[in-house]
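# Report on the structure
Each chain, letter by letter, is given below.
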Amino acid sequence: MTVSSERIREAYAECERITGEQARNFSYGIRLLPGPKRRALSAVYAFARRVDDIGDGDLPCEEKLRRLKQARVAVHSATVDSSDPVVVALAATAQRMPIPLSAFDELIDGCESDVRGATYDTFAELVHYCRCVAGSVGRLSLGVFGAADSAEARPRADALGVALQLTNILRDVREDFGNGRVYLPAADLERFGVGMEADRRGDLRIDEPGWNALIEYQAQRAELWYAVGLGLLPLLDRRSRACCAAMAGIYHELLHRIAAEPHQALSGRMSLPAWKKAGVAARSLAGRAP
């Protein structure tokens with residue numbers, strides 16, 4: 001084994017470790033892929049996670065923006081000779097598979113918007129943000145799945161990314177507010193008469209009478225994106241389809257729970273128990289639609 005191949009093997013192992021520890025939902029799907037694709041998607045996830053962690057961390061804004069700029073440079077100059085194992089794995093993947101590394105630019109653009117405290121007046125503006133931070137990862141995943149050249153697959157992957165990100169936004173309303181972020185469109189907050197304010201302790205305080213209707217409305221919107229995005233599944237090979245179905249299915253189940261209990265989002269982050277996630281993954285591997 002050459003030094004280079006050993007470095008690549010260790011780099012992939014590090015990315016799989018990061019994915020196993022931090023991809024609380026996505027790891028259920030990634031595990032269903034055969035080895036080469038599993039390692040490749042773990043590399044994509046590990047770098048995307050790094051970008052997210054910079055944006056969500058506790059560093060001053062200027063330092064976050066500096067590190068995001070460094071991440072942008074790193075992905076554009078990615079090489080297997082890098083001293084960074086995640087970059088090594090990403091570069092090795094790009095050599096073997098048609099993953100569009102430039103898509104990370106959109107992810108970084110979205111995280112920079114977060115750091116700068118961007119808000120969204122309309123749903124169309126929010127969809128653009130979702131396409132940046134989630135649709136970009138969907139397009140990268142297509143390169144791993146083997147459908148990067150499919151003109152039919154790309155818009156469906158993009159739609160599925162939007163659906164997953166909308167679910168994230170509904171799940172994390174309280175947490176995001178605590179970090180100074182409001183993703184729900186201002187036009188919708190006004191339409192349903194919902195004011196998002198901090199109480200004396202800095203916690204989120206909501207005008208609850210309009211809250212349930214607002215969340216149900218946003219969930220219905222997300223369902224429309226799922227309807228388009230899940231059309232990606234028939235275009236993928238069996239194991240890639242199982243991976244995608246598991247990841248989408250877990251988030252779709254979470255959306256159903258949020259829609260059924262909108263007030264729970266005010267208490268904290270909602271999640272599914274591990275046994276339910278495992279059940280979704282098992283059904284996906286068996287070929288049952290999410």
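Conventions used here
Counting of residues starts from 1 at the beginning of each chain's written sequence and follows it residue by residue. pLDDT decides what is reported in this predicted model: residues at 70 or higher carry local features, side-chain atom pairs at 80 or more are listed and counted, and totals for whole chains, interfaces and linings draw on all residues regardless. The basis for the side-chain values is all heavy atoms of the structure; hydrogens and waters are excluded. UniProt positions are given in the numbering used here, feature names are shortened, and annotations may be inferred rather than shown by experiment. Aromatic pairing here means that ring centres of Phe, Tyr or Trp (its six-membered ring) are within 6.5 Å. Orientation follows from the plane angle: under 30 degrees is stacked, over 60 is edge-to-face, and everything else is tilted. Numbering of helices and strands runs from the N terminus, with a helix taken as a DSSP run of H or I at least four residues long and a strand as a DSSP run of E at least two residues long. Burial here depends on accessible area, computed with a 1.4 Å probe over protein chains only, as a share of the maximum for the residue type. Under 20% is buried, over 50% is exposed, and the range in between is partly exposed. In this scheme, Lys NZ or Arg CZ marks a charge over a ring once it lies within 6 Å of the ring centre and within 35 degrees of the ring normal. Angles shown run from 0 to 180 degrees and are taken between the N-to-C directions of axes, each axis being a line fitted to C-alpha atoms and, for helices, limited to the stretch in contact. Oblique is the label for any angle not under 35 degrees, not over 145, and not in the 65 to 115 range, which are roughly parallel, roughly antiparallel and roughly perpendicular in turn. By convention the crossing between two helices is left-handed if the near helix lies anticlockwise of the far one by an angle smaller than a right angle, and right-handed if it lies clockwise. The contact criterion used is simple: two residues touch if any of their non-hydrogen atoms lie within 4.5 Å. Whenever two N or O atoms come within 3.5 Å, that pair is a polar contact, provided that in protein one can donate a hydrogen and the other can accept it, and provided that, for residues adjacent in sequence, both atoms are side-chain atoms. Disulfides are defined in this document as cysteine sulfur pairs within 2.5 Å. Any carboxyl oxygen of Asp or Glu that lies within 4 Å of a side-chain nitrogen of Lys or Arg is treated as forming a salt bridge with it. Among the buried residues, those of types Ala, Val, Leu, Ile, Met, Phe, Trp, Tyr and Cys that are joined through side-chain atoms within 4.5 Å form a nonpolar core. For this classification, the nonpolar set comprises Ala, Val, Leu, Ile, Met, Phe, Trp, Tyr, Cys and Pro, the charged set comprises Asp, Glu, Lys and Arg, and every other residue, Gly included, is treated as polar. To estimate how far a helix should extend, the number of its residues minus one is multiplied by 1.5 Å.

The name recorded for the protein in an unreviewed UniProt entry is Presqualene diphosphate synthase HpnD, from Saccharopolyspora erythraea. In its Pathway (unreviewed entry) section, UniProt records this for the protein: "Carotenoid biosynthesis; phytoene biosynthesis."

Here we take up the packing of aromatic side chains. If you walk through the whole model with that rule in mind, you get 7 aromatic pairs. Measuring from centroid to centroid gives 5.5 Å for Phe26 and Tyr251, while their planes differ by 35 degrees, and the two rings are tilted. Of this pair, Phe26 sits in helix H2 (residues 26–30) while Tyr251 sits in helix H12 (residues 238–260), placing them 225 residues apart in sequence. Assessed through its relative accessible area of 23%, Phe26 is described here as partly exposed. According to the relative accessible area criterion, Tyr251 is buried, its value standing at 6%. With centroids separated by 5.4 Å and ring planes inclined at 45 degrees, the aromatic side chains of Phe192 and Tyr217 adopt a geometry described as tilted. Here Phe192, found in the loop between helix H10 (186–191) and strand E1 (196–198), pairs with Tyr217, found in helix H11 (residues 208–229); they are 25 residues apart in sequence, far enough to count as distant. Among the aromatic residues, those joined into a ring-pair cluster are Phe26, Tyr45 and Tyr251. A cation sits over an aromatic face here: Arg191 above Tyr217, 4.5 Å from the ring centre. Over the aromatic face of Phe123 sits the side chain of Arg221, whose NZ or CZ is 4.0 Å from the ring centroid.

Look at helix H7 (residues 123–145) against helix H8 (residues 153–171): their axes get within 7 Å of each other, and the N-to-C directions meet at 120 degrees. As judged from the angle between their axes, H7 and H8 are oblique. Taken as a pair, H7 and H8 cross one another with a handedness that is right-handed. Taken together, the residues of H8 that come into contact with H7 (itself represented by Phe123, Leu126, Val127, Tyr129, Cys130, Arg131, Val133, Ala134, Gly135, Gly138, Arg139 and Leu142) are Ala153, Arg154, Ala157, Asp158, Gly161, Val162, Gln165, Leu166 and Ile169.

With that settled, consider the side chain of Ser82. Turning to its location among the elements, Ser82 is positioned in the loop between helix H4 (61–76) and helix H5 (85–96). Among the polar contacts made by the side chain of Ser82, one reaches the main-chain amide nitrogen of Asp84 at a distance of 3.0 Å. Setting aside residues up to four positions removed in sequence, Ser82 forms contacts with Arg7, Val87 and Val88.

Working definition: the covalent bond between the sulfur atoms of two cysteines is a disulfide. This structure, assessed with the given rule, holds 0 disulfides. No disulfide involves Cys15; its sulfur sits 15 Å from the nearest other cysteine sulfur, which is in Cys243. Overall, Cys15 belongs to the buried group, its relative accessible area being 0%. Looking at Cys244, it has no disulfide partner, and the nearest cysteine sulfur is the one in Cys243, 6.7 Å off. According to the relative accessible area criterion, Cys244 is buried, its value standing at 5%.

So, on to the pattern of salt bridges. Where charged atoms from two side chains of opposite charge come close, those side chains can pair. For the structure on display, the rule yields 24 salt bridges. Arg257 is the partner of Glu261 in a salt bridge, and the nearest nitrogen-oxygen pair spans 3.6 Å. Judged by relative accessible area, Arg257 falls into the partly exposed class, the value being 32%. One network of salt bridges, in which partners are shared, links Arg72, Asp105, Asp109, Glu112 and Arg116.

The next point concerns the nonpolar core. When a protein is soluble and globular, its nonpolar side chains tend to lie buried together. Counting residues in hydrophobic clusters, the biggest one holds 100 residues, and the most contacted among them are Phe104 and Trp211. In terms of residue count, the dominant contributor to this core is H12 (12 residues). Excluding residues that lie within four positions of it along the chain, Trp211 makes contacts with Val173, Leu184, Val194, Ile206, Pro262, His263, Ala265 and Leu266.

Let us look at the packing of helix H3 (residues 35–56) against H4. Packing of H3 against H4 brings their axes to within 9 Å, and their N-to-C directions diverge by 165 degrees. With respect to H4, the element H3 is oriented roughly antiparallel. The two elements H3 and H4 cross, and the hand of that crossing is left-handed. Together, Phe47, Val51, Ile54, Gly55 and Asp56 of H3 and Lys64, Arg67, Leu68, Ala71 and Val75 of H4 make up the contact between the two elements. Along the lines of polarity and charge, the residues of the contact of H3 with H4 split into 6 nonpolar, 1 polar and 3 charged.

Moving on to H5. Helix length check: H5 (12 residues) gives 17 Å between terminal C-alpha atoms against 16 Å at 1.5 Å per residue, within 8%. The set of residues buried in H5 consists of Val86, Val87, Val88, Ala89, Leu90, Ala91, Ala92 and Thr93. Of the residues flanking the start of H5, the one acting as N-cap is Asp84, its side-chain oxygen 3.0 Å from the backbone nitrogen of Val86.

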